[in-house]
Amino acid sequence: MPYVELHARSAFSFLEGASLPESLASACAELQMPTMALLDRNGVYGAPRFYMAAKQCGIKTHVGAEVSIAGGGNYPLLVQSRTGYQNLCRLITTIKLRTKKNTVATAGLAELRSHSEGLICLTGDESGPLAHALAKDGMAGGRQLLQQLVSTFGGGNVYVEVQRHADRFQESRNRAAISLARERHLPLLATNGVCYATPAERQVADVFTCIKNKRRLDTAGRLLSRNSQRYLRSAEEMTRLFSDLPEAIANTSQLSSRLEFTLEKLGYE
């Protein structure tokens with residue numbers, strides 16, 4: 001199958017992901033998906049456990065993280081090489097060391113540029129940089145953001161991400177993203193923005209949302225997810241969901257083949 005999931009969060013994305021890395025690896029094996037990427041928020045804490053569990057299932061794993069940037073947006077970054085892994089770890093360590101307790105760690109754009117070698121940037125979901133730019137300044141803001149990303153990472157290392165969770169606001173944002181990608185000649189990439197391994201675990205995600213926002217389940221309202229769509233979908237499901245954008249599906253395996261680095265290169269057994 002041409003599709004692999006390249007944007008998933010585990011429970012190490014505190015109060016955002018609902019599944020342990022082992023559960024994600026198990027679901028990946030059940031779906032016979034040969035490869036998957038874990039991108040937790042501001043850290044690679046779950047990567048070793050994910051790698052070890054996936055290895056037992058014969059699955060290759062990719063390393064990455066969502067890095068929060070000062071001024072808005074969480075940048076999903078995939079590690080392509082050993083240099084990229086070193087840069088990602090140095091960037092996260094730098095922002096963590098200077099961040100006060102109980103404060104979200106954020107990187108400056110200058111720091112992102114100085115640590116960009118060996119990394120591939122996705123434009124993200126509703127919390128990503130493109131959604132943030134479109135909400136703030138419309139299509140002009142989106143163009144400026146993509147130009148900034150290309151300048152930082154290189155044109156071949158920026159992928160315009162599209163997700164579909166039966167949300168009309170998301171689909172409106174997708175149309176803008178697709179238009180900008182074609183205008184800039186950037187590749188599209190389909191992901192499901194996975195937050196839990198199975199639909200049933202959406203309930204755990206809702207509890208985490210309430211904890212994060214200090215609300216009760218019965219009063220959380222629109223803070224909760226609209227549906228249970230952010231689970232690990234099969235290649236067949238994703239191919240049907242993006243039947244109008246076959247290149248966005250094909251690009252997942254194409255990008256996966258470029259991600260040469262694995263934790264095995266660091267001696268994990």
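Before any of the text, the structure's been laid out above.
About the criteria used
- Position labels on residues start from 1 in each chain and follow its written sequence.
- Local features in this predicted model are restricted to residues of pLDDT 70 or higher, and side-chain atom pairs are both shown and tallied only at a pLDDT of 80 or more, whereas totals for entire chains, interfaces and linings draw on every residue.
- No hydrogens and no water enter the side-chain calculation; it runs on all heavy atoms of the structure.
- Take a side-chain nitrogen of Lys or Arg and a carboxyl oxygen of Asp or Glu: if they are within 4 Å of each other, that pair is a salt bridge.
- Buried residues are those whose accessible area, probed at 1.4 Å on protein chains only, stays under 20% of the maximum for their type, while exposed residues exceed 50% and partly exposed ones sit between those limits.
- A pair of strands is labelled paired if DSSP reports no fewer than 2 bridges between them.
- Put simply, DSSP marks the helices as runs of H or I at least four residues long and the strands as runs of E at least two long, and each gets a number from the N terminus on.
- In this analysis an axis means a line fitted to C-alpha atoms, helices contributing only their contacting stretch, and an angle means the value between N-to-C directions, from 0 to 180 degrees.
- Every residue pair with non-hydrogen atoms within 4.5 Å of one another is taken to be in contact.
- Note on aromatic contacts: the rings of Phe and Tyr and the six-membered ring of Trp form a pair at centre separations within 6.5 Å, being stacked when their planes are under 30 degrees apart, edge-to-face when over 60 apart, and tilted otherwise.
- Expected helix span is computed as 1.5 Å times (number of residues minus one).
- The angle between axes fitted to the seven residues ending at a residue and the seven residues starting there is what we call the bend at that residue.
- Counting of polar contacts relies on pairs of N or O atoms within 3.5 Å, with two restrictions inside protein: one atom must be capable of donating a hydrogen and the other of accepting it, and residues adjacent in sequence are counted only when both atoms are side-chain atoms.
- Throughout, right-handed denotes a crossover for which the path from the first strand over the helix to the second runs clockwise when the strands point away from the viewer.

**Q** Any chance you could break down the pattern of salt bridges for me, citing the residues and the numbers?
**A** Overall, the coordinates contain 12 salt bridges when judged by the stated rule. The shortest N-O distance in the salt bridge between Glu171 and Arg164 comes to 3.2 Å. Judged by its relative accessible area of 23%, Glu171 falls in the partly exposed class. Owing to a relative accessible area of 11%, Arg164 belongs among the buried residues under this scheme.

**Q** Any chance you could break down the sheet that holds strand S3 (residues 60-68) for me, citing the residues and the numbers?
**A** Read across the sheet, 7 strands follow the order S1-S2-S3-S4-S5-S6-S7 without closing on themselves; strand pairing throughout is mixed. Two strands close off the open sheet at either side, each with one partner strand: strand S1 (5-8) and strand S7 (188-190). For this sheet the average axis-to-axis angle between neighbouring strands, irrespective of direction, equals 30°. Helix-sheet contacts for helix H6 (residues 168-184) involve strand S6 (158-162) and S7, and the interaxial angle to S6 is about 155°.

**Q** Give me the packing of aromatic side chains: which residues, what numbers.
**A** Two aromatic rings are characterised by how far apart their centres lie and by the angle between their planes. What the rule picks out here adds up to 1 aromatic pair. Ring centres 4.8 Å apart and planes at 20° place the aromatic pair Tyr85 and Phe261 in the stacked group. Separated by 176 residues along the polypeptide, Tyr85 in helix H3 (residues 82-98) and Phe261 in the segment after helix H9 (246-258) bring together distant segments of the chain. Under the relative-accessibility criterion, Phe261 is labelled buried at 1%.

**Q** Tell me about helix H5 (residues 129-153), and name the residues and values.
**A** Helix length check: H5, at 25 residues, gives a terminal C-alpha distance of 14 Å against a target of 36 Å (1.5 Å per residue), a shortfall beyond 12%. A maximum bend of about 140° is found in H5 at Asp137. Those residues of H5 lying buried are Pro129, Leu130, Ala131, Ala133, Leu134, Gly141, Gly142, Leu145, Leu146, Leu149, Thr152 and Phe153. On the buried face of H5, the contacting elements are strand S4 (74-79), helix H4 (109-114), strand S5 (119-122), S6 and H6. After H5 finishes, the residue Gly154 shows a positive phi value of roughly 100°.

**Q** Describe the environment of Glu171, naming the residues involved and giving the relevant values.
**A** Within the secondary structure, Glu171 sits in helix H6. Counting along the chain gives 112 residues from Glu171 to Ile59, while the straight-line C-alpha distance between them is 31 Å.

**Q** I'd like a rundown of the side chain of Thr152, residues and numbers included.
**A** Structurally, Thr152 can be placed in helix H5. At a separation of 2.9 Å, a polar atom in the side chain of Thr152 contacts the main-chain carbonyl oxygen of Gln148. For Thr152, the contacting residues outside a window of four places in its chain are Leu112, Arg113 and Ser116.

**Q** Can you explain the environment of Thr252? Please cite residues and give values.
**A** As for its placement among the helices and strands, Thr252 is situated in helix H9. Look at Thr252 and you get buried, because its relative accessible area is 0%. If near-sequence neighbours (up to four positions away) are discounted, Thr252 is found in contact with Pro2, Tyr3, Val4, Leu6, Leu189 and Ala190. Of note is the side chain of Thr252, whose polar atom sits 3.1 Å from the backbone oxygen of Pro2.

**Q** Could you give an account of the pairing of S3, with specific residues and numbers?
**A** The element S3 is largely enclosed, with a buried count of 8 among its 9 residues. Sheet topology note: the strand S2 (residues 35-41)/S3 ladder contains 7 bridges and is parallel. The residue bridging Ala37 from the neighbouring strand is His62, located in S3. Where the polypeptide runs from S2 across helix H2 (residues 47-56) and back to S3, its parallel neighbour, the crossover connection is right-handed. Of the strand pairs in this sheet, S3 and S4 are connected by 5 bridges, and their pairing is antiparallel.

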